[in-house]
Amino acid sequence: LMRATNHLIMFMWAGVLVAVQAEWSLLCANGTGTDPDARCPIGATCCKSTFSANLLGCCPWPDATCCSNGLTCCPSGTTCVDTHPPGYPSWGFTTSCTPSTDPDPVHRHMSTVSTEAVAAVQGVAVCKYGPPLPASPTLKNVLVIGDSVSIGYTPFVAKALSSVAVVQHAPWGGDGGAEETAYGVQCLDYFLHSSAGTLFKADVVMFNWGLHDGPQLFQSPPANVTIPGQEGSMAVYAPQLGNITARLQAYAKATGAKLLFGITSPMLNNVQADNDVLELNRRAAAIMSAVGVPTVDLHAAIVAKCGHAPVATCFDHADCFSPHCGAAGYEWLANSTIAPAIAKLM
């Protein structure tokens, strides 16, 4: 796992916590030409990130191997080996990092790392960047950190608050956004920085994890499967969310930001999946109550509007909030529940 700050980047290597300087001076080669100033901290590696808006991201290892799948990376001196179970979606693979067979030590970078240690490493997902626009000097700045459901409602929150705030989403990109809590632990500090390495200073940070932390969202993969950068297990949700929350509180103390946790939206078409969401919501609510972070209950608001699972249709959209919905559902959620909660904190 990696931890980045303005000055240090810290990660686990063979069970040892390693820290290196983390000035954001490593300029990334950008084949798309859309983000010529994209960079990573010294001690990390620029890699392709398929679901990042600029197709770039940062691997937490120095001089890492960027995997050809465009999503994961491995430590220096290793080769990416993907395992993709039959029937899983295109992103449903895990990456093992095996020792490189390249005899050239300049390429292998094996001088200080044993073969046994390298063989034990699992690949990690490349971290996506934070918001694309600089903080507004005249309006309040709101940062929404969350999954693909939050990607859906953020534009409507931005519209509702446009007279008083600029609302942006982190990470900058698509797919599952902030994904599972393990990805949040690894990449949170990247979510709080622009692709140019500038720390984003928000007035309000609304954050959420849960849908990618165990509940079965689609036909495959099954519940509680660990796929770095995509899916995680309910068993590790609470401690990892606690880690993320503590670090966001430290960020808030340093910047003056206010925090708001979004209680996870439901899985209306699947009773078992929604029960799992409710259990994660109970754990999240307990964490936020213990540390004094206010919450806004997306699950309760949606169920009050659409009914309890199983629900086939809401807002004239089949499988609405299972986990996604159409524009009408997202706009209603933004206007009725999220924007008012954020406005109270500004």
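Refer to the preceding data block for the structure.
Not measured: the values here are computed from a predicted model.

Parameters at a glance
Residues numbered from 1 in each chain as written. Predicted model: local features only at pLDDT ≥ 70, side-chain atom pairs only at ≥ 80, totals over all residues. Heavy atoms only, no water. Pairing = 2+ DSSP bridges. Helix = DSSP H or I, 4+ residues; strand = E, 2+ residues; numbered from the N terminus. Axes fitted to C-alpha atoms, helices over the stretch in contact; angles between N-to-C directions. Contact = heavy atoms within 4.5 Å. Salt bridge = Lys/Arg side-chain N within 4 Å of Asp/Glu carboxyl O. Buried < 20%, exposed > 50% of the residue type's maximum accessible area, 1.4 Å probe, protein only. Expected span 1.5 Å × (residues − 1). Bend = angle between axes of the 7 residues up to and from the residue. Parallel < 35°, antiparallel > 145°, perpendicular 65-115°, else oblique. Left-handed = near helix turned anticlockwise from the far one by under 90°. Phe/Tyr/Trp six-rings, centres within 6.5 Å; stacked < 30°, edge-to-face > 60°. Nonpolar A, V, L, I, M, F, W, Y, C, P; charged D, E, K, R; others polar. 1 Å grid on protein atoms, 1.4 Å probe; cavity = no way out; pocket = protein on both sides within 12 Å on 5 of 7 lines; lining within 4 Å. Points joined across faces, edges and corners; volume = space filled by probe spheres on them.

Help me understand the sheet that holds strand β15 (residues 204-207) in this model?
Sheet architecture is open: five strands sit in the order β14-β13-β15-β16-β17, paired in parallel fashion. What marks the edges here is a single partner per strand, and that holds for β14 (165-170) and β17 (295-297). Averaged over all pairs of adjacent strands, the angle between their axes in this sheet comes to 20 degrees, without regard to strand direction. With four bridges joining them, strand β13 (residues 140-145) and β15 adopt parallel strand pairing. Residue pairing across strands places Val144 opposite Met206, the latter belonging to β15. Contacting β15, β16 (258-263) and β17, helix α6 (residues 271-291) runs over the sheet at an angle of about 160 degrees to β16. Strands β13, β15, β16 and β17 of the sheet are contacted by helix α8 (residues 327-345), whose axis makes an angle of about 160 degrees with β16.

How should the pattern of salt bridges be read in this particular structure?
A side chain of one charge can pair with a side chain of the opposite charge when the charged atoms of the two come close. Scanning the entire structure with this criterion turns up five salt bridges. Between Arg282 and Glu279 there is a salt bridge; the shortest N-O distance is 3.0 Å. Of the two residues, Arg282 and Glu279 both sit in helix α6, three residues apart, roughly one turn of that helix. Exposure remark for Arg282: the relative accessible area of 52% places this residue in the exposed category. Taking relative accessible area as the criterion, Glu279 reaches 25% and is therefore assigned partly exposed.

Sorry, what's going on with α8 here?
Each α-helix winds once per 3.6 residues, and so residues spaced three or four apart point in a common direction. For α8, built from 19 residues, the straight-helix expectation of 27 Å at 1.5 Å per residue is met to within 8% by its first-to-last C-alpha distance of 25 Å. The sharpest bend along α8 reaches about 45 degrees and sits at Ala334. Every buried residue of α8 is accounted for by Gly329, Tyr330, Leu333, Ala334, Thr337, Ile338, Ala339, Ala341, Ile342 and Leu345. Tucked into the core, α8 has its buried residues touching β13, α3 (148-160), β15, β16, β17 and α7 (298-306).

Is there a simple way to explain the packing of helix α4 (residues 181-191) against helix α5 (residues 237-255) in this structure?
Across the interface, α4 lies against α5 with an axial gap of 8 Å and an inter-helix angle of 20 degrees. Taken together, the axes of α4 and α5 lie roughly parallel to each other. Crossing of α4 against α5: the hand is left-handed. Residue-level contacts link Thr181, Ala182, Gly184, Val185, Leu188 and Asp189 of α4 to Tyr237, Gln240, Leu241, Asn243, Ile244, Arg247 and Leu248 of α5.

Explain unusual backbone geometry to me, please; I cannot follow it from the model alone.
Excluding glycine, residues mostly have negative phi values, and the peptide bonds linking residues are mostly trans. That bond from Ala170 to Pro171 is cis: its omega, 0 degrees, falls within 30 degrees of zero. One can find Pro171 in the loop between β14 and α4. Note the cis peptide between Ser322 and Pro323, where omega equals 0 degrees. The topology assignment puts Pro323 in the loop between β19 (317-318) and α8. Phi angles above zero are rare outside glycine, and Phe315 is one such case at about 55 degrees. On the secondary structure map, Phe315 appears in the loop between β18 (313-314) and β19. Judged by its relative accessible area of 23%, Phe315 is partly exposed.

Any chance you could explain the packing of aromatic side chains here in plain terms?
Applying the stated criterion to the full structure yields five aromatic pairs. Look at Phe315 and Trp332: their rings are 5.4 Å apart centre to centre, the planes differ by 40 degrees, and that puts the pair in the tilted class. Of this pair, Phe315 sits in the loop between β18 and β19 while Trp332 sits in helix α8, and the two are 17 residues apart along the sequence. Their ring planes at 85 degrees and their centres at 5.9 Å tell us that Phe321 and Tyr330 sit as a pair that is edge-to-face. Considered together, Phe321 and Tyr330 belong to a single accessibility category, that of buried residues.

Teacher, can you tell me more about the packing of α7 against α8 here?
To characterise two packed helices, one gives the angle between the axes of the helices and the distance between these axes. Viewed as axis vectors pointing N to C, α7 and α8 meet at an angle of 125 degrees, and their least axial separation amounts to 11 Å. Here α8 runs oblique to α7, going by the angle between their axes. Considering only the axes of α7 and α8, their crossing is right-handed. Where α7 abuts α8, its residues Leu298, Ala301, Ile302 and Lys305 lie against Trp332, Leu333, Thr337 and Ile338. When its residues are assigned to classes, the contact of α7 with α8 shows six nonpolar, one polar and one charged.

It is not clear to me how empty space enclosed by the protein should be interpreted in this structure. Could you clarify?
One way to see where empty space is left: roll a probe the size of a water molecule over the atoms. Within the structure shown, the criterion is met by three cavities of 30 Å³ or more. As a volume, the largest cavity reaches approximately 140 Å³. The wall of the largest cavity is formed by 18 residues, among which Phe51, Leu71, Ala125, Gly229 and Gln230 lie closest to the centre. Here the residues of the lining of the largest cavity are counted per class, giving nine nonpolar, six polar and three charged. Looking at the second largest cavity, its volume works out to about 60 Å³. Lining the second largest cavity are 14 residues, with Pro215, Gln216, Pro221, Pro222 and Glu231 sitting closest to its centre.

Note that every value here comes from positions in space, so none of it alone points to a role or purpose.
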